[in-house]
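This is what each chain is made of:
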Amino acid sequence: MLPFNKPYFVGTETRYIEEAVRSGKISGDGAYTRRCEAWFEQHLGSARALLTTSCTDALELAALLLNIQPGDEVLLPSFTFSSTANAFALRGANLVFVDCAPDSPALDAAALAALVTPRTRAIVPVHYAGTACDMATVLAVAEQHSLAVVEDAAQAINSYYQGQPLGTLGALGAFSFHETKNVTAGGEGGLLAINDPLLVSRAEILREKGTNRAAFFRGEVDKYSWMDIGSSFLPADINAAFLWAQLEALEFIQAQRCAIWQRYHTALQPLAALGVELPILPSYATNNGHLYYLVCRSLPERTALITHLKARGIAAIFHYQPLHRSPYYAARHDGRALPRADRYADCLVRLPLYVELDETEQQRIVREVLAFYQQ
Ligand SMILES: *Cc1c(COP(=O)(O)O)cnc(C)c1O
């Protein structure tokens, strides 16, 4: 069976982990953590970049930092992972789900303004497939109503909006290094990019169980104390060592993934004429080769395509079920229909995409997809 995803190992991961182990400092904020954070600060230009144990944790840290309170409203897409919503639900926020854009699974930025109320506190755009949302509109609505913007950039490493790295346009940006993402911290990991300098010192405290331990180890204070609420969001340095190996190979990883993405995109163009939707890259966005999807014309068609591919040893899979209809939130949702989110939930299918997917294997996948539509 050709898998849907296969984590790529650069080869230096275990050596760096061994070094971390030998250093005797394997808990959080060790040498590899600092190295990874400096890398992100340089590449993103953020005021501070903090490694976390997951993107889920980075989002939870963001919600804490923004002091989201019970009854606050947060605007976010329905077509996303539960973590985007959970971070704010945990603080008691009311989630106001936004439909997808007319021509992509990204959130429909044009719908935001009408959903803002006096209780709205934040907008959480998700850069689905690593492709930028319409950030000009998101930022304009946020500015007009003094809302915070937290980018869920879980899938968006090395991707840009008009030349600016995703995850750096809002006050905060959350990245994932789960094994299914372009680079991994050894299975689980994340990062919070803090772009608003005013949030930096409190972010360090909240991430470290509410203590000023980070400032203490820099010699800025002579003892460390419980300063604020917080939790344990920092990963072990062993995970950072793994991540460092992957960051060193980022250019290679990205070149491979983007080449695979482009081959799919070129070879599957004939399907567009049949009404199958292929990804559209807006002029303001770049592609980071995170995932390749097709949008079938119906749910039965998608089910048949997945079955067809599975019977031929190819794992293709669908993606999110809309959160506004989820068992947890359906009864709390304000009742608005979000038909585009429903359609992407029913009709979108993702094809295998990983660094070691070789061209012959990929050609077979393409052949089988085209054969399905020719039968
Ligand atoms: C993967 C993902 C997350 C969660 O990331 P973890 O690191 O697994 O917590 C959140 N949001 C989106 C959009 C994702 O793709």
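Predicted model only: the values in this text are computed from it and were never measured.

Peer 1: Before we move on, can you summarise helix α1 (residues 13–23) with the specific residues and values?
Peer 2: Within the span of α1, buried status applies to Glu13, Tyr16 and Ala20. With its buried residues spanning 75° around the axis, α1 presents them on a single face. Exposed residues lying more than 90 degrees from the buried face of α1 are Thr14 and Arg22. Looking at the buried side of α1, the elements it contacts are α2 (31–44) and α8 (237–248). One or two residues past the end of α1 sits glycine 24, with phi positive at roughly 80°.

Peer 1: Any chance you could break down empty space enclosed by the protein for me, citing the residues and the numbers?
Peer 2: Inspection of the entire model under this criterion finds three cavities of 30 Å³ or more. Residue lining of the largest cavity: Asn5, Lys6, Pro7, Tyr8, Glu179, Lys181, Asn182, Thr184, Gln246, Arg257, Tyr354 and Val355, and that is the complete set. Each residue belonging to the lining of the largest cavity can be placed in one class, and the counts come to four nonpolar, four polar and four charged.

Peer 1: Run through the layout of surface pockets, naming residues and quoting values.
Peer 2: Of the pockets and cavities examined, the largest pocket occupies roughly 450 Å³. Lining the largest pocket are 29 residues; nearest its centre among them are Phe81, Gln155, Thr180, Lys181 and Tyr320. Secondary structure elements with two or more residues in the lining of the largest pocket: α3 (55–65), α4 (82–89) and β13 (348–351). Considering each element in turn, the lining of the largest pocket owes the most residues, three residues, to α3. For the lining of the largest pocket, the per-class residue count stands at 10 nonpolar, 14 polar and five charged. Looking at which domains feed residues into the lining of the largest pocket, each of domain 1 (13–248) and domain 2 (250–374) supplies at least three. Taken together, 24 residues line the second largest pocket, and the ones lying closest to its centre are Ser104, Ala106, Ala132, Pro282 and Tyr284. The element contributing the most residues to the lining of the second largest pocket is strand β5 (residues 104–107), with four residues. The residue inventory of the lining of the second largest pocket, partitioned by class, reads 18 nonpolar, three polar and three charged. Counting residues domain by domain, the lining of the second largest pocket receives three or more from each of domain 1 (13–248) and domain 2 (250–374).

Peer 1: Describe the domain arrangement of the protein chain, with residues and values.
Peer 2: For the protein chain, the domain assignment lists domain 1 (13–248) and domain 2 (250–374). On a C-alpha basis, the centres of domain 1 and domain 2 stand 26 Å from each other. Each partner contributes residues to the interface: domain 1 has 45 residues there, and domain 2 has 35 residues. In total, about 3,300 Å² of surface goes out of reach between domain 1 and domain 2, with carbon and sulfur atoms giving 56% of it. On the domain 1 side of the interface with domain 2, the three residues burying the most area are Phe79, Phe97 and Asn182, jointly 20% of the side's total. Taken together, domain 1 and domain 2 are joined by one salt bridge. Between aspartate 108 and arginine 340 there is a salt bridge, with its nearest N and O atoms 3.1 Å apart. In this structure, the connection of domain 1 to domain 2 is made through 23 residue pairs in polar contact (both at pLDDT 80 or more). Listed by contribution, the elements that provide at least two residues to the side of domain 1 that touches domain 2 are α4, β3 (94–98), β4 (100–101), β5, β8 (160–161) and α8. A total of five residues in the side of domain 1 that touches domain 2 trace back to one element, the largest contributor, which is β3.

Peer 1: Explain α3 to me, and be specific about the residues and the numbers.
Peer 2: Counting buried residues in α3 gives nine out of 11 residues, a clear majority hidden from the surface. At the N-terminal end of α3, a side-chain oxygen is found 3.3 Å from the backbone nitrogen of threonine 56, two or three residues along, and the residue is serine 54.

Peer 1: Can you break down the site of the ligand residue by residue, with the values?
Peer 2: As a matter of local geometry, the ligand sits amid 15 residues, with Thr56, Asp152, Gln155, Ser176 and Lys181 nearest to it. Measuring from an oxygen atom of the ligand, one finds a side-chain N or O atom of serine 176 at 2.7 Å. In this structure, an oxygen atom belonging to the ligand sits 3.2 Å away from a side-chain N or O atom of lysine 181. Here the ligand has 390 Å² of accessible area as a free molecule, and 93% of this is covered by the chains. With respect to the pocket detection grid, the ligand is positioned in the largest pocket. In terms of residue class, the shell around the ligand is built from five nonpolar, eight polar and two charged.

Peer 1: Lay out the sheet that holds strand β2 (residues 73–77) with the relevant residues and their values.
Peer 2: Read from one edge to the other, the open sheet built from seven strands follows the order β1-β11-β10-β7-β6-β2-β3, with strand pairing classed as mixed. In this open sheet, the two edge strands, each paired with only one partner strand, are β1 (48–52) and β3. On average, adjacent strands in this sheet sit at an angle of 25° to one another, irrespective of strand direction.

Rules and cut-offs
- Residues numbered from 1 in each chain as written.
- Predicted model: local features only at pLDDT ≥ 70, side-chain atom pairs only at ≥ 80, totals over all residues.
- Heavy atoms only, no water.
- Buried < 20%, exposed > 50% of the residue type's maximum accessible area, 1.4 Å probe, protein only.
- Helix = DSSP H or I, 4+ residues; strand = E, 2+ residues; numbered from the N terminus.
- Arc of directions from axis to C-beta.
- Contact = heavy atoms within 4.5 Å.
- 1 Å grid on protein atoms, 1.4 Å probe; cavity = no way out; pocket = protein on both sides within 12 Å on 5 of 7 lines; lining within 4 Å.
- Points joined across faces, edges and corners; volume = space filled by probe spheres on them.
- Nonpolar A, V, L, I, M, F, W, Y, C, P; charged D, E, K, R; others polar.
- Domains from an automatic or database assignment.
- Buried area = accessible area lost by both parts, 1.4 Å probe.
- Salt bridge = Lys/Arg side-chain N within 4 Å of Asp/Glu carboxyl O.
- Polar contact = N/O pair within 3.5 Å; in protein donor to acceptor, adjacent residues only side chain to side chain.
- Near = heavy atom within 4 Å.
- Areas by Shrake-Rupley, 256 points an atom, 1.4 Å probe, with all protein chains shown as cover.
- Sits in = over half its atoms within 2 Å of the grid points.
- Pairing = 2+ DSSP bridges.
- Axes fitted to C-alpha atoms, helices over the stretch in contact; angles between N-to-C directions.

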